[in-house]
Amino acid sequence: MTGETGSHSSDVAFTPTVKEVQARKGSRDGYRRMEERGGWETRITPDLAGFIAAQTSAFLATANSAGQPYIQHRGGPPGFLKVIDDRTIGFADFAGNRQYITLGNLSENPKAHLFLIDYAGRVIENDPDLIARLMPESYRARPEQAVLFTVAAWDANCPQHIPQRYEAAQVAAMLAERDQRIEALEAEVNRLRRARSASQGSSD
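Now for a quick tour of the structure. (Residues numbered from 1 in each chain as written. Predicted model: local features only at pLDDT ≥ 70, side-chain atom pairs only at ≥ 80, totals over all residues. Heavy atoms only, no water.)

On inspection of all chains with the given rule, the structure shows three aromatic pairs. Members of the aromatic cluster, each reached through a chain of ring pairs, are F14, Y31 and W40. (Phe/Tyr/Trp six-rings, centres within 6.5 Å; stacked < 30°, edge-to-face > 60°.)

Moving on, we get to unusual backbone geometry. Peptide bonds are trans in most cases, and residues, glycine excluded, mostly fall at negative phi. Not every positive phi belongs to a glycine, and R98 is a case in point at roughly 65 degrees. Secondary-structure assignment places R98 in the loop between β4 (88-90) and α4 (101-108). Located in the positive-phi region is Y100, a residue other than glycine, with phi close to 60 degrees. Note that Y100 resides in the loop between β4 and α4. (Helix = DSSP H or I, 4+ residues; strand = E, 2+ residues; numbered from the N terminus.)

On to the side chain of H73, then. Within the secondary structure, H73 is located in strand β2 (residues 69-75). Within the structure, H73 has its side chain in polar contact with the side chain of S57 (distance 2.7 Å). For H73, the contacting residues outside a window of four places in its chain are S57, A58, F59, H161, I162 and P163. (Polar contact = N/O pair within 3.5 Å; in protein donor to acceptor, adjacent residues only side chain to side chain. Contact = heavy atoms within 4.5 Å.)

Backbone-to-backbone hydrogen bonds join strands into a sheet, with any given pair of strands oriented parallel or antiparallel. Overall, antiparallel pairing links the three strands, which are arranged β2-β1-β5 in an open sheet. Of all strands in the sheet, those bounded by a partner on one side alone are β2 and β5 (112-115). On average, each strand axis in the sheet is tilted by 20 degrees relative to the strand beside it, whichever way the strands run. Bridge analysis of strand β1 (residues 57-63) against β2 gives seven bridges, and the strand direction is antiparallel. What sits directly across from S57, in β2, is G75. (Pairing = 2+ DSSP bridges. Axes fitted to C-alpha atoms, helices over the stretch in contact; angles between N-to-C directions.)

In this section: the pairing of β1. In terms of burial, β1 is largely enclosed, as five of its seven residues are buried. As judged from the four bridges shared by β1 and β5, these two strands associate in the antiparallel manner. Note that in β5 the partner of A61 across the bridge is H113. (Buried < 20%, exposed > 50% of the residue type's maximum accessible area, 1.4 Å probe, protein only.)

Interpretation note: all reported values are geometric properties and have no functional meaning in isolation.
Structure below.
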């Protein structure tokens, strides 16, 4: 961005174009102060290492020499992602459907992004009708713009190492159903006990 000098660790994502958008949207000053305090971490901290070791799921983003992005899921048991040292993360790349898109992309462009979730296109601005159509009903959030993807092709990737996950609402519903079944079973056990006691009492 014009008027800014120096190199910061966040420049890996905050390109001059991104900084111009931040300035236009009003967030640039805050991120400039963050950069002045040292910017993003460049080494793996103990807290981050612990978080990485607990992951069973990650998303790996690469791009080919033409800039075409591609994201693949990577999964395994806790610990499949390993911290080698404070600058290095590694994992065994399990066999899948043998497309090797990520491997091919990395041979052309070694830059990659690893996206880890703590289990929580085309950008269009100034189109309130479109944004209203895309917003989830009754969801308390403030939309800024719409992000659209034009699909050129798609394929179902190998699901072998994708762990099963449930939303909190699904878990709550399953636990409620379990509790109802336990309550019904306990009531039946108590009924049978009373019937047995009554039967034994009448035979004495």
